[in-house]
Amino acid sequence: MEFTEHDLNIIIKVPVSAAPLTADALKQAIIDAGFGRCFLNQNNLANLVAEYQEYQQKVKAMTLAENARVLTYPIAEKRPAQLAFEIAEDKMAAYAIITAAWGGAPISANELVKGAQQAGIVFGFQKENIIRLVQQASRAEPGSRLKVEVATGRAVVNGMNSRFEPLIPDMVRRRNQPLVESEAKADLRDFGAIPAVAAGQPLMRRFPPTSGEPGINVIGEALPAEPGVLIDWQLGPGVGLSAEDPDLLLATQDGLPRAIDNGATVDEVFTVKNVDLTTGHIIFKGSVVVTGNVISGMKVVAGGNVIIQGVMEGDLVEAGGDINIVGSIIGHQLNPQSETPEYSTVIRAQGDINCNIAQYSAFICGGQLMATKYLMHCSVEAETVLAGTAEKVTGKIIGGHYLLGKTLTCGQLGSPSSGVVVIKVNRHLTPLLQQQELMRSQLSQARAVLDELKQRIDKQRKLLAGQTDELIQKLEQEFAEQKELAKALIEEVRAQEEQRLLLLPELKVKATQQLFSAVEVQFGKEIIRSRREYGPSVIEIQDGHPAINPL
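Residues numbered from 1 in each chain as written. Predicted model: local features only at pLDDT ≥ 70, side-chain atom pairs only at ≥ 80, totals over all residues. Heavy atoms only, no water.

Once that is clear, we can look at the sheet that holds strand S7 (residues 145-152). In spatial order, the strands read S5-S6-S7; together these three strands make up an open sheet with antiparallel pairing. Looking along the sheet, the strands with just one partner apiece sit at the ends: strand S5 (82-87) and S7. The sheet shows a mean angle of 25 degrees between the axes of neighbouring strands, direction not considered. Across seven bridges, the pairing between strand S6 (residues 93-99) and S7 is antiparallel. (Pairing = 2+ DSSP bridges. Helix = DSSP H or I, 4+ residues; strand = E, 2+ residues; numbered from the N terminus. Axes fitted to C-alpha atoms, helices over the stretch in contact; angles between N-to-C directions.)

All right, on to helix H3 (residues 109-118) then. For H3, the full list of buried residues reads Leu-112, Gly-115 and Ala-116. The buried residues of H3 all sit within an arc of 100 degrees when viewed along its axis, so they share a single face. Away from the buried face of H3 by more than 90 degrees, exposed residues Asn-110, Lys-114 and Gln-118 are located. At its buried positions, H3 is contacted by S5, S6, helix H4 (127-139) and S7. (Buried < 20%, exposed > 50% of the residue type's maximum accessible area, 1.4 Å probe, protein only. Arc of directions from axis to C-beta. Contact = heavy atoms within 4.5 Å.)

As a further point, take the sheet that holds strand S2 (residues 9-15). If you trace the four strands from one edge of the open sheet to the other, you get S1-S2-S4-S3, paired in antiparallel fashion. Looking at which strands have only one partner, the edges of the open sheet turn out to be strand S1 (2-6) and strand S3 (39-40). Here S1 pairs with S2 via five bridges, running antiparallel. Bridge assignment links Glu-5 to a residue of S2, and that residue is Ile-10. Along the sheet, helix H2 (residues 42-60) makes contact with S2, S3 and strand S4 (70-77), crossing S4 at roughly 165 degrees.

Taking 1.5 Å of rise per residue, 19 residues should cover 27 Å, and H2 covers 27 Å from first to last C-alpha, within 8% of that figure. Elements that come into contact with the buried residues of H2 comprise S2, helix H1 (23-32), S3 and S4. You can read the cap of H2 off the contacts: a side-chain oxygen lies 3.3 Å from the backbone nitrogen of Asn-43, and it is on Asn-41. Within two residues after H2, Met-62 carries a phi angle of roughly 60 degrees, on the positive side. (Expected span 1.5 Å × (residues − 1). Polar contact = N/O pair within 3.5 Å; in protein donor to acceptor, adjacent residues only side chain to side chain.)

Turning our eyes to something else, we now look at the side chain of Ser-162. Relative to the assigned elements, Ser-162 resides in the loop between S7 and strand S8 (163-166). Within polar-contact distance, the side chain of Ser-162 engages the backbone nitrogen of Ile-231 at 3.0 Å. What Ser-162 contacts, discounting residues up to four positions off in sequence, is Arg-206, Phe-207, Pro-208, Pro-209, Val-229, Leu-230 and Ile-231.

By secondary structure assignment, the location of Met-439 is in helix H5 (residues 429-464). Taking the relative accessible area as the measure of exposure, Met-439 reaches 9% and is therefore buried. Taking C-alpha positions, Met-439 is 9.4 Å from Gln-496, a pair spaced 57 residues apart along the chain. Residue contacts for Met-439: discarding those within four places in its chain leaves Leu-489, Glu-492, Val-493 and Gln-496.

This next bit is on the packing of H3 against H4. Between two packed helices, the angle of one axis relative to the other and the distance separating the axes together describe the packing. Axis separation between H3 and H4 bottoms out at 9 Å; the angle between their running directions is 120 degrees. For the element pair H3 and H4, the recorded crossing hand is right-handed. Residues Ala-109, Leu-112 and Val-113 of H3 form the contact with H4, whose own contacting residues are Ile-130, Leu-133 and Val-134. (Left-handed = near helix turned anticlockwise from the far one by under 90°.)

Let us look at the pairing of S5. Summarising the sheet, S5 and S6 pair through six bridges and their orientation is antiparallel. Bridge pairing in S6 places Ile-87 opposite Ala-94. The antiparallel pairing of S5 with S6 creates a hairpin that spans five residues between the two strands, and Lys-91 there sits at a positive phi of about 65 degrees.

Below, the discussion takes up the confidence of the model for the protein chain. Put simply, the protein chain has an average pLDDT of 90, and 95% of its residues get 70 or more. Confidence drops under pLDDT 50 across residues 173-193; counting only partners more than four residues distant or on other chains, this segment forms 40 contacts. (pLDDT = per-residue confidence, 0-100.)

Let's shift gears to the packing of aromatic side chains. On inspection of all chains with the given rule, the structure shows four aromatic pairs. Residues Phe-164 and Trp-233 carry aromatic rings whose centres are separated by 5.0 Å and whose planes lie at 70 degrees to one another, so their mutual orientation is edge-to-face. Residue Phe-164 is found in strand S8, and its partner Trp-233 is found in the loop between strand S13 (222-223) and strand S14 (234-235); the two are separated by 69 residues along the sequence. Classification of Trp-233 as buried rests on a relative accessible area of 11%. Summarising the aromatic geometry, the rings of Phe-270 and Phe-284 are spaced 5.6 Å apart at their centres and angled 45 degrees between planes, so their arrangement reads as tilted. Taken together, the residues Phe-270 in strand S19 (residues 269-272) and Phe-284 in strand S20 (residues 282-284) connect sequence positions 14 residues apart. (Phe/Tyr/Trp six-rings, centres within 6.5 Å; stacked < 30°, edge-to-face > 60°.)

As structure tokens, then:
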């Protein structure tokens, strides 16, 4: 056999003899001749074998001399690599698609870039991706397709709205841990000075909005950035803007500073040593500081923050801001035999609640409940619960009922005596699930109405034999409106499901030291119970169901 190459075609010449010739033998000869990666012409291969066998019969019959007939066929073809491009719908990414060569020339990096430019791709070339693609394509099986992102647009960075920075850190959240005088010494009763300001003192600075950074897509189109918005100050009582600087907020009276959304307020401060029968209940529009104790039966209600430096045994402490209780909180259960316990002491805050020790008390707060040592048989409703400090999570949670928005973190959860702890991480999840059920019910009703309308329309059309009348038009209009309602409900259900899936990973119960038995955690309708003692553990959603995993 003899092989020659002409205009990328591989020509084979085969003299006819008495020796057999098969397609497999021809394929192996093509490989041996160095053309194994070329595109094989299967039709010509089959025709060559058939014609050879036809003449071979004549050779065997001695009507044709051996090698007197030479068959010539274009048996294979060198095909260069093929290059194509695909631009994403948003024009922020471009992909190169290389079909590997059949023995022909591969695509070089320069050819790829030039081809991309001819296709309108001019920005964001990914050099490493391009080089890797052409190298892989040069070694790939002939005819195989490789697709890689070779250009990436620069995303728009929209401007940030005005931001507000408090100039007094403790105005946001007072430290709830003792002051450390040295590595070996700490006063467990000294939590630092109560933050107070004088008239004229700077409280908060507003930073102007940013303009953002424009983007550009892979075809070179500029994408303008949306500038941030200048957010107005929200000025509470006791504050005002600086006459020289409209972005600086000052105190206009002495008092206790408190951050609010986009601004601050300075509460008047009412200070009392003890809250007892001699003072009566304390109800004050500003902030309240109790330097001593709140005795049993007494109430403290404040529009701002509440700070109690002694023991809290009273009936109620309620604050429009945060509550800090340095001493112990000591209550008792009013209905010991009931499954829904009520307690003599209630602590309620729109912000955070910080304490040291609490037992047999009810907590309701909009933010975080933090107890540095322990919570014992308490009822808690909060976004998050921390038993311990951020630096040292060693606090204990013994017994009680908890309704949380996101997380509970402590050192020890439960007790060796298997006191029941019920934790429902459902403060946000339950309303979301209820809303989903309502939307699905409404969607089911909408679909039933659609089916009924369709049947009425079909029936009316049969009666009119293809003609239309006002009733059909009215029914079709009602059908279209009901269909739009169903679409809106479907989108709402999808949005709620996405919100649920985003929320689930944030729901966690952590015990950094020990998790005891008889701890029940509820995620929506799913419940898990600890039936033995564990080491450091986290209770979380895994593969759609709650699980206890080691930390």
